[in-house]
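Architecture and fold: a report
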Amino acid sequence: MDLALINGRVMTDRGLVEGLTVRIAGDRIAALGPPGEVAVGAATRDLGGALLLPGFIDTQVNGGDGVLFNDDPSVAVIERIGKAHRRFGTTGFLPTLISDDLAAVKTAITATRGAIEAGAPGVLGIHIEGPFLNAARRGIHDASKLRRTDETSFALLTSLGVGRTLVTLAPEATSLEMIERLAKAGVVVSAGHTNARYGLMRAAMDKGLTGFTHLFNAMSPLGSREPGVVGAALEDQSAWCGIIVDGVHVDPVSLKLALKLRPHDRFMLVTDAMPCVGSEGSEFQLQGKTIRLRDGACFDEAGTLAGSALDMASAVRNAVTMLGLDLTDASRMASRNPAEFLGLAHEVGRIARGCYADLVLLDNDLKVLDTWIHGQTSEAADAAPGASAAHA
């Protein structure tokens, strides 16, 4: 039977609408409108005035529930990570592989393909962050894994066959021709861990690079005589910028300035989440290094940032409280904007007729009350992990 969600404050394409009814038929949103029209013949759930937002989409998820994708790139680990993040409203995500050998990249791609084909809830594709990075901006990435692109890596990066493939690379670790070929092959190309100069960055965007991975972090800064990667990102009005809003990775003042310079619909919230999300653990291993949780972020023994303990619900709250954004903007940065970035906004990231019923219910403090993936509550999705088809 169809389900009608009534008496909620619903985040639609035109903003927050009070009292709108959302009718779910199977895995899709069938209708929006007044309860007297939309709820007829359906089972109903009274939301009690709570906030109903599009489910969150996180394009950078390294781990959760005590496990790291790099340690065991398998279908089981992907499902476990997804389950951990669903508690915090994430209904779509890219399991993210940190720089590793090409054999590990191949294993991760195979696992992601298997997860999508098995219908693991929320898996939209894969994010391959490295190894095509600049050692000078590697951050926590293992320098011994870094390399340039070649024909072997091109074949690998274009091999997923289902879902979306996001690749973070340094333009100086590849060629403009390779960026163009990857983009034409359907790979979403983003700049990160790069020391590129402004001119090279602009040329890369002209060839099809459309994103910036964790803006401000691990990239050449804006300078008075050399704008660098940050300058190229802030000047551009069309590429998407991922931002980690945890108060540690980037000072909120820097993010506020960035928001004044670019359209808000070209920012997206990301977590860069590590195993500590959804876990009681505060320590884990990353490629032989001990990483500890401190002050809301993860650091190695030398003090190098190694991802975050951020979840998407917290990222939305922080966007409101730290950056002064209204809920409409914060919600879109966590849903519609990343969906647009991945080319999936016709299916996810929106509460609109015909889209998948991927939803998150929040209280007034923006704490998660419930989550739906493809029309199933989080509990149902957890009980039957193959019941929700992943997005092709």
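Presented here is a report on the structure given in the accompanying data block. These numbers come from a predicted model, not from an experiment.

Turning to unusual backbone geometry, a few remarks are in order. Put simply, Gly-130 and Pro-131 share a cis peptide bond, and its omega is 15 degrees. Position of Pro-131 relative to the elements: it lies in the loop between strand E10 (125–129) and helix H4 (151–157).

Here we take up the nonpolar core. A general feature of soluble globular proteins is that nonpolar side chains tend to end up buried together. Counting 79 residues, the largest nonpolar core has Phe-56, Met-201, Leu-209, Phe-212, Leu-215 and Leu-269 as its most contacted members. The dominant element in this core, judged by the number of residues it contributes, is helix H3 (residues 102–117), at 7 residues. Ignoring sequence-local partners within four residues, the contact set of Leu-269 consists of Ile-57, Ile-243, Val-245, Met-312, Ala-315, Val-316, Ala-319, Ala-330, Met-333 and Ala-334. Formed by 15 residues, the second largest nonpolar core is a distinct cluster that contains Ile-24, Ile-29, Ala-50 and Trp-372.

Bringing the layout of surface pockets into the picture now. A volume near 210 Å³ is recorded for the largest pocket. Along its surface, the largest pocket is lined by 19 residues, and His-193, His-214, Asp-272, Leu-305 and Gly-307 are the ones closest to its centre. Here the element with the most residues in the lining of the largest pocket is strand E19 (residues 305–308); it accounts for 3 residues. Of the residues belonging to the lining of the largest pocket, the class tally is 7 nonpolar, 9 polar and 3 charged.

Moving on: the pairing of E19. Alignment of strand E18 (residues 297–299) against E19, held across 2 bridges, turns out to be antiparallel. Paired with Phe-299 across the strands is Leu-305, a residue of E19. Counting the residues in the hairpin turn of E18 and E19 gives 5 residues, including Gly-303, whose phi is positive at 90 degrees.

We now examine the sheet that holds E18. Taking strand neighbours across the sheet as the criterion, the 4 strands line up as E16-E17-E18-E19 in an open arrangement whose pairing is antiparallel. A single partner strand is all that each edge strand has here, and the edge strands are strand E16 (283–286) and E19. Neighbouring strand axes in the sheet, compared pairwise and without regard to direction, differ in orientation by 30 degrees on average.

Take the packing of aromatic side chains next. Per the counting criterion, the structure on display carries 1 aromatic pair. Note on Trp-240 and Phe-341: the rings are 5.8 Å apart at their centroids and 50 degrees apart in plane angle, and the pair reads as tilted. With Trp-240 in strand E14 (residues 240–243) and Phe-341 in helix H11 (residues 336–342), this residue pair connects regions lying 101 residues apart in the sequence. The ring of Trp-240 carries Arg-266 above its face, with NZ or CZ at 4.2 Å from the centroid. The aromatic ring of Phe-299 is capped on one face by Arg-294, whose charged end is 4.1 Å from the ring centroid.

Pairing of strand E20 (residues 359–362) with strand E21 (residues 368–373), which is carried by 4 bridges, proceeds in the antiparallel orientation. Paired with Leu-362 across the strands is Val-368, a residue of E21. Remark: 5 residues form the turn of the hairpin made by E20 and E21, two consecutive strands paired antiparallel; Leu-366 in that turn has positive phi of roughly 60 degrees. Bridge analysis of E21 against strand E22 (residues 376–377) gives 2 bridges, and the strand direction is antiparallel.

With that out of the way, let us pick up helix H5 (residues 176–184). Those residues of H5 that sit buried are Met-178, Ile-179 and Leu-182. Along the long axis of H5, the arc covered by the buried residues comes to 100 degrees, so they all point the same way. Residues of H5 that are exposed and point more than 90 degrees away from the buried face comprise Glu-177 and Lys-184. Where H5 is buried, its residues meet H4, strand E11 (164–169), strand E12 (188–191) and helix H6 (198–206). Backbone geometry just after H5 places Gly-186 at a positive phi near 95 degrees.

Along the polypeptide, Asp-236 turns up in the loop between helix H7 (228–235) and E14. You can call Asp-236 buried: its relative accessible area is 8%. At a separation of 3.3 Å, a polar atom in the side chain of Asp-236 contacts the side chain of Arg-202. Looking at Asp-236, its side chain comes within polar contact range of the main-chain nitrogen of Ser-238, at 2.9 Å.

About the cut-offs
Along each chain, numbering runs from 1 in the same order as the chain's sequence is written. Given that this is a predicted model, residues contribute local features only at a pLDDT of at least 70 and side-chain atom pairs are listed and counted only at 80 or more, while totals for whole chains, interfaces and linings are drawn from all residues. Values reported for side chains reflect all heavy atoms of the structure, with hydrogen atoms and water molecules removed beforehand. Secondary structure counts use DSSP, requiring at least four H or I residues in a row for a helix and at least two E residues in a row for a strand, with both numbered from the N terminus. Residues enter a nonpolar core if they are buried and are Ala, Val, Leu, Ile, Met, Phe, Trp, Tyr or Cys, with the set joined through side-chain atoms within 4.5 Å. For each residue, the accessible area found with a 1.4 Å probe, counting protein chains only, is set against the maximum for its type, and the residue is called buried under 20%, exposed over 50%, and partly exposed in between. A contact between two residues is defined here by any heavy atoms of the two lying within 4.5 Å. For cavity detection a 1 Å grid was placed over the protein atoms alone, and a set of points counts as a cavity when a 1.4 Å probe fits there but cannot get out; an open set counts as a pocket when protein lies on both sides within 12 Å along at least five of seven lines, with lining residues being those that have an atom within 4 Å of a point. Grid points are joined across faces, edges and corners, and a volume is the space filled by probe spheres set on the points. Residue classes follow a fixed rule: Ala, Val, Leu, Ile, Met, Phe, Trp, Tyr, Cys and Pro count as nonpolar, while Asp, Glu, Lys and Arg count as charged, and any other residue, Gly among them, counts as polar. Whether two strands pair depends on DSSP finding at least two bridges between them. Interaxial angles span 0 to 180 degrees and are taken between N-to-C directions of axes, which are lines fitted to C-alpha atoms, for helices over the stretch in contact. Note on aromatic pairs: the rings of Phe, Tyr and Trp (six-membered ring only in Trp) are paired at centre separations within 6.5 Å, and the planes decide the class, stacked below 30 degrees, edge-to-face beyond 60, tilted for the rest. Whether a charge lies above a ring is judged from NZ of Lys or CZ of Arg, which has to be within 6 Å of the ring centre and within 35 degrees of the ring normal. It is the directions from the helix axis to the C-beta atoms that the arc portrays. Here a polar contact means two N or O atoms within 3.5 Å. Within protein one must be a hydrogen donor candidate and the other an acceptor candidate, and residues neighboring in sequence count only if both atoms are side-chain atoms.

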